[in-house]
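What the coordinates show
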Amino acid sequence: LNAGGTHYGNLLPGRRVRVSITHPTGGADHRVFTGQVTDWGMSYQQMKNATTQLSATDRMVDMQRADISKTTTAGTSDIAVNEILNAGGIVSREIDTGDETFQATTFTGATCLSAMNQAEDSEQGAMYVDVNNAVVWKSRNSIFSDTASNTSQATFGTAALPLTDVRLDYDAMLIRNDVSLTRTGGSAQTADNSDSILAYGKRSYSKSSLMTSTDAALDAIADTIIIVYKDPRVRVKEVNLAPQANTDLMTQALTRKIRDRVTVEFAP
């Protein structure tokens, strides 16, 4: 609000903001966030300096705000994804070639984000926004084919990079033993596992209006979901670390990305 300030007139909601952290020993800048300012929150306390607490969002909010009306072209999933993002005005992206073939699909008055979520359910891959505010689209099998996902990028634990705390989950949240998948213009493809239902109760997973081109492809996906999710597994839900402990730990804290594979060792 100070007309004599260096940035007067430029500190506006919607402006791009980037956050980087400088490595304390290596000196390199590591980008950790890129997005748009949603609010310049101002706090004025008597006899103290004014403070602004910046609020920002990433490309997910842009996709939620953008309505699209589009009929996508039949082909691998990346073709439809690029067309959806084009219709939503989203330029920055990193798109894998899809493993699944989609049918032409019409979106009328849908948000760009809901269309992307529908594509994600149909591919059974992953969609997220990276530290550079680019929309990333990962194919279903990329978790097995990408080097960063199939090869451990770091080992944390008592005999490796030190951890402060490890949080484990052994619950039923991810169990799926009754699956029904339906594509647009197709019939429901179902799969179940009676042993899992007997042990944990029926835990249904249902998706409809999928963009998948054939019932046979959906049937195979339904079977795979049962195989992977019919039983609970012990999962490392969260690890806490103190990056200041050593240079290697700080490097890992600043460079690891979503879907990077890591190893966690612990001795209960």
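Residues numbered from 1 in each chain as written. Predicted model: local features only at pLDDT ≥ 70, side-chain atom pairs only at ≥ 80, totals over all residues. Heavy atoms only, no water.

Glancing now at the packing of helix α2 (residues 77–87) against helix α3 (residues 112–123). Where α2 contacts α3, the axes come no closer than 10 Å and their chain directions differ by 170 degrees. If you check the angle between α2 and α3, you find them roughly antiparallel. In this structure, α2 contributes Ser77, Val81, Ile84 and Leu85 to the contact, and α3 contributes Cys112, Ala115, Met116, Ala119 and Glu123. Considered class by class, the residues forming the contact of α2 with α3 number seven nonpolar, one polar and one charged. (Axes fitted to C-alpha atoms, helices over the stretch in contact; angles between N-to-C directions. Helix = DSSP H or I, 4+ residues; strand = E, 2+ residues; numbered from the N terminus. Parallel < 35°, antiparallel > 145°, perpendicular 65-115°, else oblique. Contact = heavy atoms within 4.5 Å. Nonpolar A, V, L, I, M, F, W, Y, C, P; charged D, E, K, R; others polar.)

So, about unusual backbone geometry. In this structure, glutamine 124 takes a positive phi of about 60 degrees despite not being glycine. One can find glutamine 124 in the loop between α3 and β9 (126–129). One non-glycine residue with positive phi stands out, namely asparagine 133, at about 65 degrees. Considering the arrangement of structural elements, one finds asparagine 133 in the loop between β9 and β10 (135–138). Residue classification places asparagine 133 among the buried residues on the basis of a relative accessible area of 2%. (Buried < 20%, exposed > 50% of the residue type's maximum accessible area, 1.4 Å probe, protein only.)

What follows deals with the sheet that holds strand β14 (residues 189–192). Spatial strand order, β14-β13-β15: three strands in an open sheet with mixed pairing. Bordering the open sheet on either side are β14 and β15 (204–210), each of which pairs with just one other strand. Averaged over neighbouring strand pairs, the angle between their axes works out to 5 degrees when direction is ignored. As paired strands, strand β13 (residues 178–183) and β15 are joined by five bridges and run parallel to one another. The partner of valine 179 across the bridge, within β15, is tyrosine 205. (Pairing = 2+ DSSP bridges.)

According to the stated counting rule, one finds ten salt bridges in the structure shown. For arginine 140, the salt bridge goes to glutamate 100, with nearest N and O atoms at 3.1 Å. Taken together, the residues span a long stretch of sequence, with arginine 140 in the loop between β10 and α4 (142–145) and glutamate 100 in the loop between β6 (93–95) and β7 (101–102) at a distance of 40 residues. On the basis of relative accessibility, which here comes to 7%, the residue glutamate 100 falls in the buried class. Residue aspartate 146 pairs with lysine 138 through a salt bridge whose shortest N-O separation is 3.1 Å. Note on lysine 138: relative accessible area 12%, which makes it buried. (Salt bridge = Lys/Arg side-chain N within 4 Å of Asp/Glu carboxyl O.)

The subject of this paragraph is the pairing of β14. Alternating residues of β14 divide into Gln189 and Ala191, all buried, and Thr190 and Asp192, none buried. Judged from the four bridges that link them, β13 and β14 form a sheet pairing that is antiparallel. Looking at β14, one finds that aspartate 178 is bridged to aspartate 192. Counted between consecutive antiparallel strands, the loop separating β13 from β14 contains five residues, among which glycine 185 sits at a positive phi close to 80 degrees.

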